[in-house]
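Coordinate inspection notes
Here are the chains, one letter per residue:
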Amino acid sequence: MTQDAQQPAAEDPTLASFRKSIDNIDAALVHMLAERFRITQAVGAYKAKATLPPADPAREAEQIARLRRLAEESELDPEFSEKFLRFIIDEVIRHHERARQDEA
């Protein structure tokens, strides 16, 4: 049976249910990232005032290792989870560097 003979994707209730769940998860991810960045902005401001470096390579390595383990336990590709976390960490460091410049 071809797609043309089947129900259009937009009208498929099973697909619609999956997509609704994905949309809910995406919304939760955005809210969680927003909260995470609110906290890391505060960390950046604190580091700037305390003249601490924007990056903490030891902490980053610990977090990456911890999240790789969690990914494996959750049956998520640890390479993907590391790339995702590295992207977030790099953005946080960029914010911390900007806070440091603003404090100077």
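The shown structure was predicted, so the numbers you read here are calculated from the model rather than taken from an experiment.

**Observations regarding helix H2 (residues 57-73)**
For H2, which comprises 17 residues, the first-to-last C-alpha distance of 24 Å matches the rise-based estimate of 24 Å (1.5 Å per residue) to within 8%. Taken together, the buried positions of H2 are Glu60, Gln63, Ile64, Arg68 and Ala71. Along the axis of H2, the buried residues cluster in a sector spanning 135 degrees; they form a single face. Facing away from the buried side of H2, by more than 90 degrees, are the exposed residues Glu62 and Glu73. Packed against the buried residues of H2 are helix H3 (78-103). Directly after H2, the chain includes Glu75, whose backbone phi takes a positive value near 60 degrees.

**Remarks on the packing of aromatic side chains**
In the structure shown here, the tally under the stated rule is 1 aromatic pair. Seen from their ring centres, Phe80 and Phe84 are 6.1 Å apart, and the 20 degrees between their planes marks the pair as stacked. Here Phe80 pairs with Phe84, and both are found in helix H3, just 4 residues apart, close to one helical turn. For Phe84, a relative accessible area of 39% puts it in the partly exposed group.

**Some remarks on the packing of H2 against H3**
One way to put it is that H2 packs onto H3 with a least axis distance of 9 Å and a crossing angle of 145 degrees. In the packing of H2 onto H3, the handedness of the crossing is right-handed. Contact residues: Glu60, Gln63, Ile64, Leu67, Arg68, Ala71 and Glu72 in H2; Pro78, Glu79, Ser81, Glu82, Leu85, Arg86, Ile89 and Ile93 in H3.

**With respect to the side chain of Gln63**
Secondary-structure assignment places Gln63 in helix H2. We classify Gln63 as buried; its relative accessible area is 14%. Separated by 3.2 Å, the side chains of Gln63 and Arg66 make a polar contact.

**Here's the deal with the side chain of Glu60**
Tracing the backbone through its elements, the reader meets Glu60 in helix H2. Using a relative accessible area of 12% as the deciding quantity, one classes Glu60 as buried. For Glu60, the contacting residues outside a window of four places in its chain are Ala55, Arg86, Ile89 and Ile93.

The rules behind the values
Residues numbered from 1 in each chain as written. Predicted model: local features only at pLDDT ≥ 70, side-chain atom pairs only at ≥ 80, totals over all residues. Heavy atoms only, no water. Helix = DSSP H or I, 4+ residues; strand = E, 2+ residues; numbered from the N terminus. Expected span 1.5 Å × (residues − 1). Buried < 20%, exposed > 50% of the residue type's maximum accessible area, 1.4 Å probe, protein only. Arc of directions from axis to C-beta. Contact = heavy atoms within 4.5 Å. Phe/Tyr/Trp six-rings, centres within 6.5 Å; stacked < 30°, edge-to-face > 60°. Axes fitted to C-alpha atoms, helices over the stretch in contact; angles between N-to-C directions. Left-handed = near helix turned anticlockwise from the far one by under 90°. Polar contact = N/O pair within 3.5 Å; in protein donor to acceptor, adjacent residues only side chain to side chain.

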